[in-house]
Amino acid sequence: MSLIGQFGVGFYSSFLVADEVTVISKSPEDGSQNIWKSTADGSFTVSTDPRGVTLGRGTSVVLTLKEDASEFLDNSELERVVKRYSQFLQYPIKLWSSRTETVELPPEPKEEEDEEETEGEDEDDDELVAEDEDDEDEDDEPEVRTEERTVYFWKQLNDQKPVWTRRPSQVDEEEYESFYKSFTKASDSYLAKSHFRAEGEIEFDSILFVPRSAPWGLYDNYYTQKSSLALYVRRVLVADKFEDFIPRYLNFMKGLVDSNDLPLNVNREQLQKNKIMKVISKKVTRKALDMLRKLAEAEEGDDDEDEDDDEEAEDKPEDEAEGDDDDEAESEAGPSEYSKFYKEFGRSIKLGVIEDTKNRKKLVDLLRFTSIKHPETPISLSAYVEEMPEAQKNILYMSAASQTEAASSPFLERATSKGFDVLFFVENLDEYLNLNDYEDFTLQSVTKEGLDLGDGKGGDAYKEEKKEEFQELVDWLKDLYDSKVNKVEISLRLESSPLVIVTTKYGSTANMERITKGQAFGRSGGKATKVVEINPRHPVMVALKDKVVADKESQELKDYANVLFDMALIQSGFSIEEDQIETYAKRLERVVREGLAVSADAAVEPMPEFPDEEEEDEDEDEDDEDEEEELEDEEEEAAEEETEEAAEEKDEL
């Protein structure tokens, strides 16, 4: 009965395809052979086999298939089912199969008549040409005869060895490679692996693989795709895809988990709610993140141990009782393996930062960003901190639609001149990371107000001095821009640009506004609050200040100020509002007219009148008719002249 508890579900499922199940068994302790038979009608019979002992030993199960289950009479279907669910069983599963072989038959002996005919040939015929020796040898060779025969044999279906049941130290790299390609049906090799055995109150074996390339549609179906980790119980496949087995952002992982502690005689829904599954999920998630951490550290040359190990040990629940890994093997990472991984699966790490609050710190260490000093190779936050100058107090970053836009932005001018590096957040997901600090440093956006570039008290004093000097211009610009901006301020973040448009410290960025507008239901929300910051050291702003003092009502000055605003709007990552496009175009035309000394009243040259196409066609037809009449008249005149000449010649004759 204990065996029924282990494989009872599989045995009784045979009635799904069979009308009758017959079990013939011979116990070594019993001299007779018995038959168990049932039609799933709530009863069964057990009797002595009238045929006697035909098995010798063992058990035979005979299924009388239903009419709609004839597919299981096909060897290829049986082979598919066995290889999918029982490929790694320790006991051999064999299928009675057949194949066609071509065999050679022995040559037939030459008949005596052929020999007599050969002797009776004319031996005196000296004019015969001797044949080539090779031809004679070929003629002497007997004719090879073949025949196709059907050969029957027992074909073992589960020849793939379960490498995860062995200690990692006993498995070489070629075996891992072969197993990965066979298990995942992949043509290329894996990028990294982790083979471990968990011991303690709950024991299981697991192999995790990181593919070299992301599968098609990984992020298109992100919220509906299930985990690619297969679950085995005592080497029997229970599910090849399991929902919530590991966090969704790790669904790109390939591999399996094999546990002896999970029950086989329950359905998948109940198994998924099992407490053991939650413990296994935590352990597998931690091992997966550790594998990625070591992959990243190998690239950066950082061999430090994870600082959170002690904290995790304290946070573990008492009922988890994972214990230590009995043995573990991880692939040796190359110098650029993590860069290859991040290129394919970087979005998964960012999604993990957003979704997995418990492992957020570990995932933040796995993030990579390009920057001013590292435009080609992304760097980690820890590497950025190590390169920071002493004068730099914050981690600087910039959000933009692309790296090209970010690299040419006026927001970087002062930071670049001071030798500060700025990280580029150029993916839409970067806006949702919500990174406020890392270690002891605050992350600060260069596109928002309140930027601290380490100018100290001297910078604050200089800013106050310029604020008093430019106060009249600041007030005039605020009145001119009106509701388009929240306020106008003096800026110390600019070098070569006259002004720039930043956003409020806790509001949306220009890039976030762009993302929101692109969403189906986001056009009405996500508006950024704009703040104009002017460069008091720029000659254009100095000249504009002097002009405003002389004449505040000048339309020319207003056009110049609005052109500067439009220019800064585009440079800062914003777009011109729909209701402002016509005004923007007319204003630019006025500025161009003034620059070219074209009067504002100068009218456009009128368009000349062109005749209608019908009139042109009629005129052309009349001209054609006139030409035809002229040609006809000329032909008639020529004919008359020829007639007269012929008559004259006749008279002369």
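Note that the structure is predicted; figures quoted are calculated from it, not measured.

Considering the overall build of the chain
- Within the chain one finds 20 helices and 19 strands.
- Counting over 653 residues, the chain shows a buried share of 36%.
- Of the contacts made within the chain by residues no fewer than 6 positions apart, 72% connect residues no fewer than 24 positions apart.
- Carbon and sulfur atoms make up 46% of the accessible area of the chain, which amounts to about 40,300 Å² in all.

Brief notes about the sheet that holds strand 19 (residues 530-534)
- Across the sheet, which stays open at both edges, the three strands sit in the order 17-19-18 with mixed pairing between neighbours. The open sheet terminates on both sides in strands that have one partner only, identified here as strand 17 (487-490) and strand 18 (499-503). Between one strand axis and the next, the sheet turns by 30 degrees as a mean value, whatever way the strands run.
- Pairing of strand 18 with strand 19, which is carried by five bridges, proceeds in the antiparallel orientation. Across the sheet, the residue bridging to V502 is V531, located in strand 19.
- Those strands touched by helix 18 (residues 555-571) are strand 18 and strand 19, and its axis lies near 55 degrees from that of strand 18.

So, the nonpolar core
- Ranked by size, the top nonpolar core spans 79 residues in total, and within it V210, M253 and F341 carry the most contacts.
- Here this core takes eleven residues from helix 7 (residues 275-300), the largest share from any one element.
- With sequence-adjacent residues up to four places away left out, V210 is seen in contact with Y190, L191, A192, F252, M253, M291, L292, F341 and F345.
- If you look at the next biggest cluster of nonpolar residues, it comprises 25 residues, including I534, L544, F565 and L569.

Structural notes on unusual backbone geometry
- Despite not being glycine, R235 has its phi angle at roughly 70 degrees, a positive value.
- Mapped onto the fold, R235 is located in the loop between strand 9 (229-233) and strand 10 (236-239).
- Even without a glycine there, the phi angle at A597 is positive, about 60 degrees.
- Classification of A597 as exposed rests on a relative accessible area of 73%.

Quick notes on the packing of helix 18 against helix 19 (residues 581-595)
- Two numbers describe how helix 18 lies on helix 19: the axes approach to 10 Å, and their chain directions differ by 120 degrees. When the interaxial angle is binned, helix 18 and helix 19 end up oblique. Between helix 18 and helix 19 the crossing geometry is left-handed. Facing Q555, E556, D559, Y560, N562, V563 and D566 of helix 18, the residues of helix 19 in contact are Y584, R587, L588, R590, V591 and E594.
- The residue makeup of the contact of helix 18 with helix 19, split by class, is five nonpolar, two polar and six charged.

Here's the deal with the confidence of the model for the chain
- Mean pLDDT for the chain: 83, with 83% of residues reaching 70 or above.
- Within the model, the stretch residues 126-130 combines pLDDT values under 50 with zero contacts to residues more than four positions away or in other chains.

Description of helix 2 (residues 75-85)
- Residues of helix 2 that are buried include every one of E77, E79 and V82, and no others.
- For helix 2, the secondary structure elements touched by its buried residues are strand 6 (145-156).

Focus on the sheet that holds strand 4 (residues 58-65)
- An order of 3-2-1-4 is seen for the four strands of this open sheet, with the pairing classed as antiparallel. Either end of the sheet is taken by a strand with one partner, and the two such strands are strand 3 (44-48) and strand 4. When strand polarity is set aside, the average angle formed by the axes of neighbouring strands in this sheet is 15 degrees.
- Bridge analysis of strand 1 (residues 18-26) against strand 2 (residues 33-38) gives six bridges, and the strand direction is antiparallel. When the sheet's bridge partners are listed, I24 is paired in strand 2 with I35.

Examining the side chain of S228
- With respect to the helices, strands and loops of the structure, S228 is situated in the loop between strand 8 (204-211) and strand 9.
- Looking at S228, its side chain comes within polar contact range of the main-chain oxygen of N251, at 3.3 Å.
- Contact partners of S228, with chain neighbours within four places excluded, come to D240, K241, N251, M253, K254 and G255.

Side note on a nonpolar patch on the surface
- Taken together, the side chains of W96, Y152 and W154 make up a nonpolar region of the molecular surface, amounting to roughly 410 Å² of accessible area.
- Relative to the helices and strands, Y152 is located in strand 6.

Structural notes on the packing of helix 15 (residues 471-481) against helix 18
- One way to put it is that helix 15 packs onto helix 18 with a least axis distance of 11 Å and a crossing angle of 80 degrees. By the angle between their axes, helix 15 is roughly perpendicular relative to helix 18. For the pair helix 15 and helix 18, contact is made by W476, L477, L480 and Y481 and by L557, K558, A561, N562 and F565, respectively.
- Looking at side-chain class alone, the contact of helix 15 with helix 18 contains seven nonpolar, one polar and one charged residues.

Quick notes on the pairing of strand 8
- For strand 8, a buried count of eight out of eight residues is recorded, marking the element as mostly surrounded by other parts of the structure.
- Of the two faces of strand 8, the one holding F204, S206, L208 and V210 and the one holding D205, I207, F209 and P211 are both buried throughout.
- Bridging between strand 7 (residues 190-198) and strand 8 involves eight bridges; their strand directions are antiparallel. When the sheet's bridge partners are listed, Y190 is paired in strand 8 with P211.
- The antiparallel hairpin formed by strand 7 and strand 8 contains five residues in its connecting segment, where G200 sits at a positive phi of about 140 degrees.
- Note that strand 8 and strand 11 (residues 254-259) share six bridges and pair antiparallel. Note on strand 11: the bridge partner recorded for L208 is G255.

A closer look at the environment of V82
- Along the chain, V82 falls in helix 2.
- Along the backbone, V82 and L95 are 13 residues apart, and their C-alpha atoms lie at a distance of 9.8 Å.
- With residues near it in sequence (within four places) discarded, V82 still touches Q87, I93 and L157.

A short note on the side chain of N562
- Its location among the elements puts N562 in helix 18.
- Setting aside anything within four residues of it in sequence, one finds N562 in contact with L480, Y481, K484 and R587.

Structural notes on the environment of E77
- In this fold, E77 is placed in helix 2.
- Using a relative accessible area of 18% as the deciding quantity, one classes E77 as buried.
- Not counting residues within four places of it along the chain, the set of residues in contact with E77 comprises E71 and F72.

The rules behind the values
Residues numbered from 1 in each chain as written. Predicted model: local features only at pLDDT ≥ 70, side-chain atom pairs only at ≥ 80, totals over all residues. Heavy atoms only, no water. Helix = DSSP H or I, 4+ residues; strand = E, 2+ residues; numbered from the N terminus. Buried < 20%, exposed > 50% of the residue type's maximum accessible area, 1.4 Å probe, protein only. Contact = heavy atoms within 4.5 Å. Areas by Shrake-Rupley, 256 points an atom, 1.4 Å probe, with all protein chains shown as cover. Pairing = 2+ DSSP bridges. Axes fitted to C-alpha atoms, helices over the stretch in contact; angles between N-to-C directions. Core = buried A, V, L, I, M, F, W, Y, C linked by side-chain atoms within 4.5 Å. Parallel < 35°, antiparallel > 145°, perpendicular 65-115°, else oblique. Left-handed = near helix turned anticlockwise from the far one by under 90°. Nonpolar A, V, L, I, M, F, W, Y, C, P; charged D, E, K, R; others polar. pLDDT = per-residue confidence, 0-100. Polar contact = N/O pair within 3.5 Å; in protein donor to acceptor, adjacent residues only side chain to side chain. Patch = residues over 30% accessible without salt bridge, like charges linked within 9 Å, V, L, I, M, F, W, Y side chains within 5 Å. Salt bridge = Lys/Arg side-chain N within 4 Å of Asp/Glu carboxyl O.

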